[in-house]
Amino acid sequence: MRRLVFWISLALTGCVAEIGLPEVDVQMQDGAVDVVLDIGGGPTSKSSLSVDEYKVTDLDVMIYRDGVLEYSQYIPSMVTNLKVRLLEGCEYDIYVVANAGDLPGFAHEDEFRDNCLYSIDEISDLQGPMPMAWSRSGIKVREGMGTIMVQLERLAAKITLSLDKDVLEGLNVTSARLCQCASVVRPFKDTETRGSRASLPEEVIPGDRATEDDLSILNGGGSVVFYALENCQGVLLPDNISPAGKVPEEVGPAADLCTYLEVAGVFGDEAFLEGEVVYRFYLGLDACTSFDVPGNSSIDVTLQ
């Protein structure tokens with residue numbers, strides 16, 4: 001039986017989207033900073049992971065003034081109010097991380113930004129509440145200040161896969177999985193791509209995969225969802241104008257660090273093609289040049 005392997009990205013669309021995540025209100029009055037959490041619930045999405053995109057179970061709060069740590073606290077449970085006394089007239093940088101456990105503190109802000117990370121050993125570690133983060137620089141405390149809205153952003157992307165059954169008539173998908181997913185997210189580290197990325201081979205792991213129920217949904221004309229930690233490798237093929245050119249041999253050494261989706265299946269006897277087939281395509285914000293998988297984004301893939 002013939003086995004065909006294609007690298008494709010013809011049906012890939014991506015966009016950075018604001019997801020309806022819980023908000024944190026930071027209120028500043030009379031030199032005090034009140035952090036009020038409004039924790040909202042929401043539906044989970046189907047994948048091999050039992051992921052909650054909305055729930056907050058713990059928080060790390062770090063506040064720096066002039067690059068030096070002024071305040072830090074780990075809150076191991078849901079809270080509705082946290083008040084911190086800060087100096088009126090001073091400027092602060094505030095960082096909040098949710099669902100990441102008790103993070104180590106750093107005395108200097110640059111060190112914190114470079115070394116703060118969320119990591120997993122395998123994709124199943126992403127089960128449960130989704131890791132989230134937020135930061136704001138240059139907040140000046142003054143009397144009578146209004147509320148500053150803080151929008152926690154998830155540190156993982158949501159990838160939705162569907163099939164065009166009219167084009168791929170006779171195809172039965174036998175597996176679908178993400179490959180070369182980042183195992184580490186550095187939410188506050190500045191990079192050329194303005195996003196966290198896997199920088200070493202040991203920082204990529206096998207990703208989320210479709211369950212048997214997912215495959216039934218996919219073959220029935222529905223869509224399935226996968227999750228992957230942020231992995232922004234950047235625009236690696238700026239001059240490429242064809243999806244057919246978005247293949248490993250064109251990417252170079254970074255090809256082993258970029259997240260891609262693999263779909264395997266079998267064409268029936270009545271189909272135009274026959275035998276086993278494997279489709280692979282790099283994820284990104286477009287079909288030709290981008291290899292960014294940003295956190296808090298939704299990327300839709302239609303195989304056709």
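Residues numbered from 1 in each chain as written. Predicted model: local features only at pLDDT ≥ 70, side-chain atom pairs only at ≥ 80, totals over all residues. Heavy atoms only, no water.

A. Here's a closer look at the sheet that holds strand β6 (residues 59–65). Strand order in this open sheet of 5 strands is β7-β6-β9-β12-β14, and the pairing throughout is antiparallel. With partners counted over all chains shown, the strands left at the sheet margins are β7 (68–75) and β14 (153–154), one partner each. (Pairing = 2+ DSSP bridges. Helix = DSSP H or I, 4+ residues; strand = E, 2+ residues; numbered from the N terminus.)

B. Structural context of the environment of E88. As for its placement among the helices and strands, E88 is situated in the loop between β8 (82–85) and β9 (91–98). Along the chain, E88 and E143 lie 55 residues apart, while their C-alpha atoms are 7.1 Å from each other.

C. Representation of the pattern of salt bridges in the model. Scanning the entire structure with this criterion turns up 5 salt bridges. The partner of R65 in a salt bridge is E70, with the nearest N and O atoms 3.4 Å apart. Overall, the relative accessible area of 24% leaves R65 in the partly exposed class. In this structure, R186 engages E203 in a salt bridge whose closest nitrogen and oxygen atoms are separated by 2.8 Å. Of this pair, R186 sits in the loop between β18 (184–185) and β19 (204–205) while E203 sits in the loop between β18 and β19, placing them 17 residues apart in sequence. The same class applies to R186 and to E203, which are both buried. One network of salt bridges, in which partners are shared, links R177, E262 and R280. (Salt bridge = Lys/Arg side-chain N within 4 Å of Asp/Glu carboxyl O. Buried < 20%, exposed > 50% of the residue type's maximum accessible area, 1.4 Å probe, protein only.)

D. Summary view of the environment of L69. Along the chain, L69 falls in strand β7. Separated by 40 residues in sequence, L69 and E109 place their C-alpha atoms 6.7 Å apart. Sequence-distant contacts of L69, that is, excluding residues within four places in its chain, are made with M62, I63, Y64, F106 and A107. (Contact = heavy atoms within 4.5 Å.)

E. Looking closely at the packing of aromatic side chains. Tallied over the full model, the rule gives 7 aromatic pairs. Seen from their ring centres, Y64 and Y95 are 6.0 Å apart, and the 85 degrees between their planes marks the pair as edge-to-face. Of this pair, Y64 sits in strand β6 while Y95 sits in strand β9, placing them 31 residues apart in sequence. In terms of burial, Y64 and Y95 fall into one category: buried. For the ring pair Y95 and F188, a centre distance of 4.9 Å and an interplane angle of 70 degrees mean the geometry is edge-to-face. With Y95 in strand β9 and F188 in the loop between β18 and β19, this pair connects stretches of sequence that are 93 residues apart. Here the two residues Y95 and F188 agree in accessibility, since each one is buried. One aromatic cluster in this structure is built from Y64, Y95, F112 and F188. (Phe/Tyr/Trp six-rings, centres within 6.5 Å; stacked < 30°, edge-to-face > 60°.)

Distances and angles like these do not, on their own, reveal function.
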